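Coordinates in review
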Amino acid sequence: MITQITKKSDYKQTKDAHFLQSFDWGEFQRSVGQVPIRLKVGDIYIQGTIKTKLKCYKEAYFAGVQLDKKTIAQVIGYLKKQKIDYVHFDVYKNSNLKTVQKTAQPAQTMILDLALSQDEMLKNMHSKTRYNIRLAQKKEVTILHKKDIQAFWHLTKVTASRNGFTSHQKKYYKQMLALPFVEQFTAYLDQEVIASNLCVNFNGTFFYLHGASLHKHKKLRASYLLQWHQILFAKDNGCKVYDFWGVAPKDDNGQKFHKYSWQKNHKWSGFTRFKAGFGGIYQETFFSKKLILSPIKYIVMWKLRLVKKLLNR
């Protein structure tokens, strides 16, 4: 039996739940235009979002759920009755669902064991990473742990313009920073903001989620010191692991740095090399399951998207 949950007091999370499944994350999604849906499936509680397009086409997305195939089938049956047209699951750490379907969340990451001592973590790093941390310290880069949306937004606009990508809107990051488990760390050179990261501290895992920096101060290596401060903060605050949140797919015959090899010329190669230098362990995290529940509507929406793409060329 499946029932919808509306009250926070009725939504029960497992001890190892992902932050994407937290009630507060769902309310954050609501604040930026998504509609959360929370279901009780037997003894399991899951959360997703519903997006409506053209007032009649509904897509459901469930991120960070920990479900088996049988439970997914139950949820799909329920969603069909709710007139949902398309559903996408990004299942967390379930290799039984491994497919070639593309995930919305990073499908692979690097994990750092925070049970290690500081000396052990430094030893496991690439020598260049250790050097860059010390270089930033020598250049008197300072790190502050405080929430400052203006600092992060300024750097995000600069970074997006430099690298040619579209970021979230300012409201998105502002609402995210309002969450109690979101942390911000910012690097300064004197009074100038030169790098800033948004992180999530949830259920014993510390996630490095978003980062931005000034290219003109690249030689100061502030991002390395910033990452090191976050790792030490996570360790000191009882977290068990540090999740670097996304690297390029593993490829033993690809590009190599330190202990990791990944696909050559991948668009994530730059920050994959950066993260690999900290000596974490590769881990596959999300596995995708997608299903078209209303084929005719899906074809119509696909054609509309294609037309829009052609008109915007």
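As a starting point, this report considers the structure included with it. (Residues numbered from 1 in each chain as written. Predicted model: local features only at pLDDT ≥ 70, side-chain atom pairs only at ≥ 80, totals over all residues. Heavy atoms only, no water.)

Within the element layout of this structure, Lys 303 appears in helix 9 (residues 295-311). Its relative accessible area of 52% is what places Lys 303 among the exposed residues. Spatially, the C-alpha atom of Lys 303 lies 28 Å from that of Lys 267, the residues being 36 residues apart in sequence. (Helix = DSSP H or I, 4+ residues; strand = E, 2+ residues; numbered from the N terminus. Buried < 20%, exposed > 50% of the residue type's maximum accessible area, 1.4 Å probe, protein only.)

For helix 8 (residues 269-276), the complete set of buried residues consists of Ser 269, Thr 272, Phe 274, Lys 275 and Ala 276. The inward-facing, buried residues of helix 8 abut strand 6 (108-113), strand 10 (205-213), helix 7 (222-236), strand 12 (250-257) and strand 13 (260-262). (Contact = heavy atoms within 4.5 Å.)

Taking 1.5 Å of rise per residue, the 15 residues of helix 7 would be expected to cover 21 Å, and the 21 Å separating its terminal C-alpha atoms lies within 8% of that figure. Directly after helix 7, the chain includes Gly 238, whose backbone phi takes a positive value near 85°. (Expected span 1.5 Å × (residues − 1).)

Bringing the sheet that holds strand 15 (residues 286-292) into the picture now. Paired through their backbone hydrogen bonds, the strands of a sheet run either parallel or antiparallel. Read from one edge to the other, the open sheet built from six strands follows the order 1-2-3-4-5-15, with strand pairing classed as mixed. The sheet terminates laterally at strand 1 (2-4) and strand 15, the two strands that pair on one side only. Looking at each pair of strands side by side, their axes are set apart by 25° on average, direction ignored. The sheet contact formed by strand 5 (residues 86-92) and strand 15 spans seven bridges and is antiparallel. Bridge assignment links Tyr 86 to a residue of strand 15, and that residue is Ile 292. Contacts from helix 1 (residues 23-31) reach strand 2 (35-41) and strand 3 (44-53), with the element oriented near 150° to strand 2. (Pairing = 2+ DSSP bridges. Axes fitted to C-alpha atoms, helices over the stretch in contact; angles between N-to-C directions.)

The subject of this paragraph is the nonpolar core. Counting residues in hydrophobic clusters, the biggest one holds 44 residues, and the most contacted among them are Val 141, Ala 187, Phe 206, Trp 228, Ile 231, Tyr 242 and Phe 278. Looking at which element gives the most residues to this core, the answer is helix 7, with nine residues. Within the second largest apolar cluster, 23 residues are counted, among which are Ala 63, Trp 153, Val 182 and Leu 198. (Core = buried A, V, L, I, M, F, W, Y, C linked by side-chain atoms within 4.5 Å.)

Okay, the side chain of Ser 294 next. Within the secondary structure layout, Ser 294 lies in the loop between strand 15 and helix 9. On the accessibility criterion, Ser 294 (18% relative accessible area) is buried. Here Asp 85 takes part through its side chain, which lies 2.8 Å from a polar atom of the side chain of Ser 294. If sequence neighbours within four positions are ignored, Ser 294 has contacts with Ile 84 and Asp 85. (Polar contact = N/O pair within 3.5 Å; in protein donor to acceptor, adjacent residues only side chain to side chain.)

Given two aromatic rings, one states the distance between the centres and the angle between the planes to describe the pair. Evaluated as defined, the whole model comprises 28 aromatic pairs. Taking 5.8 Å as the distance between ring centres and 15° as the angle between the ring planes, the aromatic pair formed by Tyr 86 and Tyr 298 counts as stacked. Residue Tyr 86 is found in strand 5, and its partner Tyr 298 is found in helix 9; the two are separated by 212 residues along the sequence. Given the relative accessible area of 15%, Tyr 86 is considered buried. (Phe/Tyr/Trp six-rings, centres within 6.5 Å; stacked < 30°, edge-to-face > 60°.)

Two side chains of opposite charge can pair, provided their charged atoms sit close to one another. A full pass over the atoms with the stated rule returns six salt bridges. A salt bridge links Glu 27 to Arg 38; the shortest N-O distance between them is 2.8 Å. Highlighted residues: Glu 27 in helix 1 and Arg 38 in strand 2, separated in sequence by eleven residues. Judged by its relative accessible area of 27%, Glu 27 falls in the partly exposed class. (Salt bridge = Lys/Arg side-chain N within 4 Å of Asp/Glu carboxyl O.)

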